[in-house]
Amino acid sequence: MSNLLKAKKLIEGINEAGYEAYIIGGYVRDLLLGFDNQDIDIATSAHPTVVKQLFSKTILTGIDHGTVTVIFEGVKFEVTTYRTDGKYLNNRRPKDVHFVSSLQTDIKRRDFTINALALDNYGNLIDYVDGKKDIEAKLIRTVGAPEARFNEDALRMLRAFRFVAKLGFNIEQETLSAIKKVGSLIQNISAERILMELEKMIYGNYFFVAIEVMINTKFHHFLPHLKSGIEKIAVTKFLPTDLSEFLTICAVCGAYHEIVELPLSKQMIRKITLVYEMYSLEISEFSNLILYRNGLESCLLTNKLNVFLRNKDDLKEKIIAKYNSLPIYKICDLKFKGDDIINLYSKKPGSWIGMVLDDLSLKVLNGELKNEYNELKNYLINKHGIE
Ligand code: ATP
Ligand code: MG
């Protein structure tokens, strides 16, 4: 059964309990555009406690904002109670919300007209804000006065660029003017929320269009760590494949120290750092040792930066071929192991073993030794004069 049919069944369940429920937001927008979207959000007049009682599998992660995640026939649906938002403090999402009984009121708190369409179980479109017209005109327009809406939640401005990147739409004139006017408010938004929207923007088919519009509005001036990277992307047409690539170009464009302070996974910070170092050292020969130590992904990204930012030759295929024929990928790939070393030296285990293994791996990677048991053993015997 498709997600849509499951959603309809879920809605039926809510309706039977005496409450309204509609499919809302991105799914409806994408349906009108003919895009595939498996993520279905539902708006309902039922209070979250009721939603929780109606279904056996629920997750209460967004309960403060009225959202209950219902796992229905194996699919997750976000079911959000109609609400208006409480007072907005510092241009951020409100802490408290008020549940209301009408869909029309709920629609008013939504960001853009194209995201404010609802669909009932009979296929009727409920369109209080001319969202369909804006979809047809390919326009991103706030629900209500743009400046006020951006004052409430400044992240909406970045979301506008995210939807440009996803849909290739234009930002409607008044909405665009408001971004130019109050763009600086984005500085009040947490890095976590900004990074989440940026990540979605990178995956958009119209990423470069969004970058162009952002630069035209000067909005990127208020993302100071990202400004140079964004400008470089526009000039070089470097297309980041994910957030780590996007942040790495920002790092090599002068914001390394700020980028590694962002709330990112350790793994991402490590990758950004490795590439930043290789790029700064102008490494363009990817030796076995570098491939072994820094990994394929980091070397490929360094190469990509060299190609786009320094006009170097593209070594991608060579790097991949070299990586695929490395003699070892990890210390434990060595044919002469830690235990063999202890036996050979007849000494108590200690940190010295690591040093011996490092020596062996270096020689193997440099091609001075073959990764064969006897060859490695004989090398150690000769080197240390072991009887
Ligand atoms: P996508 O399919 O790319 O996820 P989406 O429209 O579903 O797009 P979400 O970020 O998942 O985007 O948000 C779901 C819906 O919630 C939006 O369509 C919009 O109606 C509403 N929404 C989300 N964030 C905001 C916000 N900051 N202010 C107002 N409404 C918002
Ligand atoms: Mg969504």
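I will try to describe carefully the structure that is included in this document. (Residues numbered from 1 in each chain as written. Chains lettered and ligands numbered in written order. Predicted model: local features only at pLDDT ≥ 70, side-chain atom pairs only at ≥ 80, totals over all residues. Heavy atoms only, no water.)

### With respect to the side chain of Thr69
You can see Thr69 is positioned in strand E4 (residues 67–72). Setting aside residues no more than four positions away along its own chain, Thr69 makes contact with Lys57, Thr58, Ile59, Thr61, Lys76, Phe77 and Glu78. (Helix = DSSP H or I, 4+ residues; strand = E, 2+ residues; numbered from the N terminus. Contact = heavy atoms within 4.5 Å.)

### Describing the pairing of strand E1 (residues 21–24)
Residues Ala21 and Ile23 of E1 are buried on one face, and the alternating residues Tyr22 and Ile24, pointing to the opposite face, are buried as well. Relative to strand E2 (residues 41–44), E1 runs antiparallel, the two sharing 4 bridges. Across the sheet, the residue bridging to Ala21 is Thr44, located in E2. Where E1 lies against strand E8 (residues 118–119), 2 bridges are found, and the strand directions are antiparallel. Of the residues in E8, the one forming a bridge with Ile24 is Ala118. (Buried < 20%, exposed > 50% of the residue type's maximum accessible area, 1.4 Å probe, protein only. Pairing = 2+ DSSP bridges.)

### Details of the sheet that holds strand E9 (residues 125–126)
Ordered in space as E3-E4-E5-E2-E1-E8-E9, the 7 strands form an open sheet in which the pairing is mixed. A single partner strand is all that each edge strand has here, and the edge strands are strand E3 (58–62) and E9. Strands E1, E2, E4 and strand E5 (75–81) of the sheet are contacted by helix H1 (residues 3–16), whose axis makes an angle of about 40 degrees with E5. Those strands touched by helix H2 (residues 26–33) are E1, E8 and E9, and its axis lies near 60 degrees from that of E1. (Axes fitted to C-alpha atoms, helices over the stretch in contact; angles between N-to-C directions.)

### Some details on helix H10 (residues 207–217)
Residues of H10 that are buried include every one of Phe207, Ala210, Ile211, Met214 and Thr217, and no others. The buried side chains of H10 occupy one side of the element, clustering within an arc of 130 degrees when seen end-on. Count one or two residues on from H10 and you reach Lys218, which has phi positive near 65 degrees. (Arc of directions from axis to C-beta.)

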